[in-house]
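Each chain, letter by letter, is given below.
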Amino acid sequence: MLISMPSPNDAQADLIAYLDFHVEAGADAALDEQPHDRFGEADMPAPTLRAPRRQAEAPRPVAQSNSLVPPPGSPPPAAPARTFGRAASAQPDEAASDARARAREAKSLAELEKILADFDACPLRFTAKNLVFADGNPEARVMFLGEAPGADEDRIGKPFMGRSGQLLDKMMAAIGLDRTSAYIGNIVPWRPPGNRNPTPQEVAVCRPFVERQIELVDPEVIVCLGAPATQTLTGTKDGILRTRGRLFPYKLPTREAKLLATLHPAFLLRQPVQKRLAWRDFRALRALLDGKA
Ligand code: URA
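Basis of the calculations
- Residues numbered from 1 in each chain as written.
- Predicted model: local features only at pLDDT ≥ 70, side-chain atom pairs only at ≥ 80, totals over all residues.
- Heavy atoms only, no water.
- Phe/Tyr/Trp six-rings, centres within 6.5 Å; stacked < 30°, edge-to-face > 60°.
- Helix = DSSP H or I, 4+ residues; strand = E, 2+ residues; numbered from the N terminus.
- Buried < 20%, exposed > 50% of the residue type's maximum accessible area, 1.4 Å probe, protein only.
- Pairing = 2+ DSSP bridges.
- Contact = heavy atoms within 4.5 Å.
- Axes fitted to C-alpha atoms, helices over the stretch in contact; angles between N-to-C directions.
- 1 Å grid on protein atoms, 1.4 Å probe; cavity = no way out; pocket = protein on both sides within 12 Å on 5 of 7 lines; lining within 4 Å.
- Points joined across faces, edges and corners; volume = space filled by probe spheres on them.
- Nonpolar A, V, L, I, M, F, W, Y, C, P; charged D, E, K, R; others polar.

Trainee: Help me understand the packing of aromatic side chains in this model?
Mentor: In total, this model carries 2 aromatic pairs according to the counting rule given. For the pair Phe119 and Phe209, a centre-to-centre distance of 4.9 Å together with 65° between the ring planes defines the contact as edge-to-face. You can see Phe119 sitting in the loop between helix 5 (109-118) and helix 6 (124-127) and its partner Phe209 sitting in helix 9 (residues 200-217), a full 90 residues away along the chain. Just as Phe119 is buried, Phe209 falls in that class too. Residues Phe144 and Phe282 carry aromatic rings whose centres are separated by 5.9 Å and whose planes lie at 25° to one another, so their mutual orientation is stacked. Of this pair, Phe144 sits in strand 2 (residues 142-146) while Phe282 sits in helix 13 (residues 275-289), and the two are 138 residues apart along the sequence.

Right, here's the structure in full:
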């Protein structure tokens, strides 16, 4: 009987696929069998900032062996390099107040994007491939805000690129909007690993940036897609089925904008029967923009 033995290259490809699977599923730290003093690590001097993943995506190192087990007599593995910038050690409050100070420095959207790209106190930055800052027209009268990028957005670097984005495009088209007449962003600009929900700490750290982004765009209407965006920007604890269709005042430096809560396209993909509610909200948005509401 012939048994096909995996070639070293197959084994390596399998190992890489196995690691990719875990990263995709949300694993964001590698552990090993040696104990590490993680508390002690927090006192170590902060490392220099790691380059964003996209630039860092050099060819993967070629494994010298196909085995995960080190050969006998080899030295214990070194502690994994700390690559999480200040995100590993900064306290959430400290990170949020730093975010506020930095966001205030931005005098334009381009400056804000640069500041965010350099900001290293949000751990999501280190597991995401790309910063997903915005898409659309910054001069638009209406700004849509979702929760956080998914895999497609992370890969492409723009919000609402996947199935939710396609549905959002259709919903906008139904009321005469598109990405040249609307601006689109997210509450959190980095993809949470494995598409989990961003934690309250991650949202709190990112919030000053999205607030500054809204100020710089200065839209007449902000459309919050789903509960996380609505709750973050209005402070309400109510669920989206209660808040959708409601208009909230949103204070901008020189005037008050209107914030409209509606259902997230991802929710509508799961529950298409709810599209009729979103359609009501989008008609209300059209009426607002036409000065008829
Ligand atoms: N869902 C979101 O909330 N934002 C995106 O950019 C994509 C999907």
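What follows continues from the structure just given.
Trainee: Sorry if this is basic, but what is going on with the sheet that holds strand 2 here?
Mentor: Adjacent strands of a sheet pair through backbone hydrogen bonds, lying either parallel or antiparallel. Across the sheet, which stays open at both edges, the 6 strands sit in the order 1-3-2-4-6-5 with mixed pairing between neighbours. The open sheet has two free edges, formed respectively by strand 1 (135-136) and strand 5 (247-251), since each of these has just one partner strand. Note that strand 1 and strand 3 (residues 183-186) share 2 bridges and pair antiparallel. Following the sheet pairing, Gly136 is matched in strand 3 by Tyr183. Here helix 10 (residues 227-234) sits on the sheet and contacts strand 2, strand 4 (221-225), strand 5 and strand 6 (256-262); the angle it forms with strand 4, its principal contact strand, is near 130°.

Trainee: So what exactly am I meant to see when it comes to empty space enclosed by the protein here?
Mentor: Empty space among the atoms becomes apparent when a probe as large as a water molecule is rolled across them. Applying the stated rule across the entire model yields 1 cavity of 30 Å³ or more. Quantified by volume, the largest cavity comes out at close to 50 Å³. What lines the largest cavity is Leu116, Val132, Phe133, Asn186, Ile187, Pro189, Cys206, Phe209, Val210 and Gln213. For the lining of the largest cavity, the element with the highest residue contribution is helix 9, accounting for 4 residues. Taken together, the residues of the lining of the largest cavity break down into 8 nonpolar, 2 polar and no charged.

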